[in-house]
Amino acid sequence: MLLPSSLSTPAREPIAAGATTPRGGHPAGAAGWQVPAAVAESLAPRGLHLGVPDGPPWVSCAELATPAGVAGSLARVRRANPGASAEVAASYLANWYTAAVVGPAIALYVLVRRVPDLAPAQLALSVPDSGWFDRTALYRPVAAALANDPLAAGITPATPGLGASQGGLRGPTAPAGAPAAVPAPACTGDGFGAGPDGGIRVVEDAAALRTVLVEEILAHLDPFLRELRAMVRLGRPALWGAAAAQCARAFLLTERATGDPAAGRDEADAFFALATPTMLARPRWQEFVHRGRTYVGMRRGSCCLAHRLDAEYCTTCPFTGDADREQRMRAWIDTQGDGGLAV
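All of the points below concern the structure found in this document.

Scoring rules and cut-offs
- Residues numbered from 1 in each chain as written.
- Predicted model: local features only at pLDDT ≥ 70, side-chain atom pairs only at ≥ 80, totals over all residues.
- Heavy atoms only, no water.
- Helix = DSSP H or I, 4+ residues; strand = E, 2+ residues; numbered from the N terminus.
- Expected span 1.5 Å × (residues − 1).
- Buried < 20%, exposed > 50% of the residue type's maximum accessible area, 1.4 Å probe, protein only.
- Arc of directions from axis to C-beta.
- Contact = heavy atoms within 4.5 Å.
- Pairing = 2+ DSSP bridges.
- Salt bridge = Lys/Arg side-chain N within 4 Å of Asp/Glu carboxyl O.

### Digging into helix H3 (residues 67-80)
Given 3.6 residues per turn, any residue in an α-helix points the same way as the ones three and four places further on.
Inference 1: The first and last C-alpha atoms of H3 sit 20 Å apart over 14 residues, in line with the 20 Å expected at 1.5 Å per residue.
Inference 2: What H3 keeps buried is the set Gly69, Val70, Ser73, Leu74, Arg76 and Val77. One face of H3 carries all of its buried residues, which in axial projection span an arc of 160°. Away from its buried face by more than 90 degrees, H3 exposes Ala68 and Arg79.
Inference 3: Next to the buried residues of H3 lie helix H2 (61-64), helix H4 (86-112) and helix H5 (206-231).

### Observations regarding unusual backbone geometry
Inference 1: In this structure, the amide linkage connecting Pro56 to the following residue, Pro57, adopts the cis form with an omega of 5°.
Inference 2: Mapped onto the fold, Pro57 is located in the loop between strand E1 (47-50) and strand E2 (58-60).
Inference 3: The peptide bond linking Thr276 to Pro277 adopts the cis configuration, its omega dihedral lying at 5°.
Inference 4: One can find Pro277 in the loop between helix H8 (261-275) and strand E10 (284-290).
Inference 5: Positive phi is not limited to glycine here, since Arg113 has a value of about 60°.
Inference 6: On the basis of relative accessibility, which here comes to 25%, the residue Arg113 falls in the partly exposed class.
Inference 7: Backbone geometry at Arg291 places phi at a positive 50°, although glycine is not the residue there.
Inference 8: With respect to the helices and strands, the residue Arg291 is situated in the loop between E10 and strand E11 (293-299).

### So, the sheet that holds strand E9 (residues 201-203)
Inference 1: The 3 strands are arranged E3-E6-E9 in an open sheet whose pairing can be described as mixed. In this open sheet, the two strands that pair with only one neighbour each are strand E3 (114-115) and E9.
Inference 2: Sheet topology places E3 next to strand E6 (residues 144-146); 2 bridges connect them, and they run antiparallel. Opposite Arg114, over in E6, you have Ala145 as the bridge partner.

### With respect to the pattern of salt bridges
Inference 1: In this structure the tally under the stated criterion is 16 salt bridges.
Inference 2: Across the salt bridge formed by Arg210 and Glu267, the nearest N and O atoms sit 3.4 Å from each other. Of this pair, Arg210 sits in helix H5 while Glu267 sits in helix H8, and the two are 57 residues apart along the sequence. You'll find Arg210 and Glu267 in the same group, each marked buried.
Inference 3: In this structure, Asp222 engages Arg226 in a salt bridge whose closest nitrogen and oxygen atoms are separated by 2.8 Å. With Asp222 and Arg226 both in helix H5 and 4 residues apart, this pair spans about one turn of that helix.
Inference 4: Judged by relative accessible area, which is 51%, Arg226 ranks as exposed.
Inference 5: Linked by salt bridges that have partners in common, Arg113, Arg210 and Glu267 make up one network.

Below, the structure is given as structure tokens:
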């Protein structure tokens, strides 16, 4: 099993309990905001920070998506993985970066029914020397919500597919290229703030909110993956396949909070129906029963290339047969103890 930089399985660390604000920064302008416990549980071992963090090792995604930012990230990955080819390093980077961006967004959508602002200038990632993005900072944790959400009181719902400036907003949005702190809110019972200047886009139902989620994720990832593709010999199917795998995994990881692997799978199916054809090579599901419990794993639509570095195939490898892949998933579940997952 690949550790700690596995592309398809989490590092073997305990799931964090309770709502926490990770180390290294404070939520500037968002006093009292906390990560909901269910979201923290779904994302572990990665950390989530709400608000604008302070200084290193935080780096804005707007900077990470530039040619210099992508090249620097590739160099860190290759230093941390001696012997990795440019293609393997690029595959690792596509997976890690995507997971850091989409994991929090998908967890918030599934578990809280809210979508954060994923504009690159409104996110930052913690960038340790290992190249592994271990924490995500969302400057605007709630950019879109349902009409019946307490944060949406008094806001007219927008039409799905419209830009945020075209309707459904209350208050200012951050200037392009110059992210601003989230206005200070009053803290609500779920750990999020509700203030009159939140800049929240409101939609009528979960289907419309899912459309916003897809739009936000595709718009964020496209510039980064285009820059990465320009530097290495990996095509769009491989890079967008990596993104699709991490989206699928993020949906399945919500089982940590819901206890229902089918719920994450169903949400993923609806998500991919909207994300195609941009998000190529989506995974397929592999359901099986282990020790009397039903699990949902997946077969990636494209290979992560990890086996080229250490000859180890991951639990989602498309190059292994279904029976072998299932056996690897069973072995992985057994390493985690009670509550183990297939991803």
